[in-house]
Amino acid sequence: MKNFTVVTGVSKSHLLRTMKILDDRGLLRVGVTSFVPKNRFFLRFFSKRIRNKFISRLENIENLPRYSSALTESVYQIGRSLHKRKFYRLADFLNCCSFILFSFLANLIISRSPNVKNEILLVRAGFGSRIKCGNRTLVCDASLAHPLTIPTLLKEGKFGLAAKDDLGFCDQLILKDIENASRILVNSDFVRESFLYAGVSEEKIVVAYLPPLPTFSKKLSSAHKDKAGTLRILFAGGLEERKGITHIRDIAEILKWRNENFEMSLLGNWGMVTEEVKNDLLANPHVKHRPWVSETELAEAMSMADIFVFPSYAEGGARVVTEAMSLGRVVITTWNSGSPITHGFDGIISNLDSRSFIHWIDEIQQNDELKQSIQVNARNTITNRYSDQHYCAILEKLA
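About the cut-offs
Residues numbered from 1 in each chain as written. Predicted model: local features only at pLDDT ≥ 70, side-chain atom pairs only at ≥ 80, totals over all residues. Heavy atoms only, no water. Helix = DSSP H or I, 4+ residues; strand = E, 2+ residues; numbered from the N terminus. Rg over C-alpha atoms; globule rule 2.2 N^0.38 Å. Buried < 20%, exposed > 50% of the residue type's maximum accessible area, 1.4 Å probe, protein only. Patch = residues over 30% accessible without salt bridge, like charges linked within 9 Å, V, L, I, M, F, W, Y side chains within 5 Å. Areas by Shrake-Rupley, 256 points an atom, 1.4 Å probe, with all protein chains shown as cover. Salt bridge = Lys/Arg side-chain N within 4 Å of Asp/Glu carboxyl O. Expected span 1.5 Å × (residues − 1). Contact = heavy atoms within 4.5 Å. Phe/Tyr/Trp six-rings, centres within 6.5 Å; stacked < 30°, edge-to-face > 60°. Lys NZ or Arg CZ within 6 Å of the ring centre and 35° of its normal.

## Some thoughts on the overall build of the protein chain
Scanning the protein chain from N- to C-terminus turns up 14 helices and 13 strands. Taking 21 Å as the expected radius of gyration for a compact globule of 399 residues, we find that the protein chain reaches 21 Å, a close match to that expectation. Principal axes of the C-alpha set define a box for the protein chain whose edges measure 65 × 50 × 45 Å. Within the protein chain, the proportion of its 399 residues that are buried is 54%.

This is the structure in structure tokens:
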């Protein structure tokens with residue numbers, strides 16, 4: 001039987017969920033994770049916002065064999081804070097330092113176990129630079145498009161290749177892990193295409209969409225009732241340019257100008273966004289903003305929405321998309337989101353353009369048959385094709 005050591009990296013990585021799926025099947029040896037106090041007693045000493053974030057991480061990995069470091073997490077969070085204040089170069093350097101420190105910690109943990117061939121090291125891209133694999137199989141987990149393609153994706157929404165020397169410190173670490181890995185686990189066909197475009201061998205790449213948490217598989221809330229004909233639109237994720245926040249602003253402005261009866265809810269923290277776009281959104285009376293929320297709160301908000309919009313420029317496999325689909329919501333997104341949507345069947349793949357999103361919002365409003373069929377098909381797609389069992393079966397074949 002194969003055993004897995006999982007190196008999740010800092011912050012709330014999707015690999016925390018992977019650890020739980022593996023452990024449920026007796027395949028997890030140990031995880032090196034983002035920082036969470038092992039004893040819930042100590043959580044009370046943190047602010048409510050930080051405490052809720054830790055609890056959200058802990059829900060995936062409580063009682064699992066794991067190690068973490070407050071130091072690496074602290075360095076990373078300082079880097080994030082500097083990035084928000086536009087000290088980009090310094091932030092990238094500190095984040096790079098946190099990646100390397102984390103890799104040292106992971107190597108220390110890994111070196112304590114027998115050096116056996118049937119063990120798979122599943123390492124998040126960027127965190128493997130100091131890991132000595134020995135006879136183990138190194139699998140690099142890549143949750144975003146290939147680093148060389150991201151600059152043009154952010155500018156134009158399509159693939160192009162940047163020069164390696166133009167990339168930041170963290171991206172250089174990611175590139176190194178990609179080159180050294182025996183296999184590369186990507187979380188969508190979109191990421192796979194980006195890696196092929198960047199020249200990575202097709203034989204190295206394995207696609208596995210991460211299934212949603214059980215919270216997003218429950219039936220819709222009975223509170224999902226018509227609110228005087230109000231169209232309820234939801235966006236969840238970082239409120240930043242990469243996620244298409246400018247298009248979100250434009251969609252809200254167009255609907256407001258047309259005197260539409262709508263509510264637009266934004267769930268997430270502000271990232272890289274201009275003050276003009278942020279102020280326009282906050283000034284729009286139809287727009288309501290809430291910062292980061294728990295999975296339970298997110299599932300509740302999704303169940304109350306008519307349409308989930310996600311106009312992303314560059315993703316991996318956006319979990320919020322499959323989560324909304326799992327709840328039977330109509331999702332309008334872009335191919336760049338890395339979603340498993342078949343256009344017109346279980347969701348809508350729109351052009352990366354505000355007017356295109358408006359067109360599909362109108363189409364869903366006016367065509368109730370289309371709306372109903374998408375809702376049913378979206379839920380069935382996730383239930384039948386993206387279960388924990390399907391995901392784990394792919395992981396077991398990585399060696």
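Once you've had a look at it, read on.
## Things to note about unusual backbone geometry
Glycine aside, negative phi is the norm for most residues, and most peptide bonds take the trans geometry. For Ser11, which is not a glycine, the phi torsion comes out positive at approximately 65°. Locating Ser11 in the fold gives a position in the loop between strand E1 (3-7) and helix H1 (15-24). The backbone phi angle of Lys86 is positive, close to 70°, even though this residue is not glycine. Tracing the backbone shows Lys86 in the loop between helix H3 (70-84) and helix H4 (88-110).

## Topic: a nonpolar patch on the surface
On the surface, Phe41, Phe42, Phe45 and Phe46 cluster together to form a nonpolar patch covering roughly 410 Å² of accessible area. Assignment of secondary structure puts Phe42 in the loop between strand E2 (28-33) and helix H2 (48-61). A relative accessible area of 45% means that Phe42 is categorised as partly exposed.

## Observations concerning helix H13 (residues 368-385)
In an α-helix, one full turn covers 3.6 residues, which means residues spaced three or four apart are oriented alike. The terminal C-alpha atoms of H13, which comprises 18 residues, lie 26 Å apart, in line with the 26 Å expected from a rise of 1.5 Å per residue. In this structure, the buried side of H13 is in contact with helix H11 (319-326), strand E12 (330-333), strand E13 (348-349) and helix H12 (354-366).

## Comments concerning the packing of aromatic side chains
Within the structure shown, the criterion is met by ten aromatic pairs. Measuring from centroid to centroid gives 5.1 Å for Tyr209 and Tyr386, while their planes differ by 65°, and the two rings are edge-to-face. One end of the pair, Tyr209, is in the loop between strand E7 (205-207) and strand E8 (231-236); the other, Tyr386, is in the loop between H13 and helix H14 (388-396), with 177 residues separating them in the sequence. Neither residue differs from the other here; Tyr209 and Tyr386 are each classed as buried. Taken together, the aromatic side chains of Phe159, Phe190, Tyr197 and Trp335 make up a single cluster linked through ring pairs. Lying over the aromatic face of Tyr67, Arg112 brings its terminal NZ or CZ to 5.8 Å of the ring centre.

## Some details on the environment of Ala91
Mapped onto the secondary structure, Ala91 falls in helix H4. Considering only alpha carbons, one finds Ala91 and Arg80, eleven residues apart in sequence, at a separation of 6.4 Å. Apart from the residues lying within four places of it in its own chain, the contact partners of Ala91 are Gly79, Leu82 and His83.

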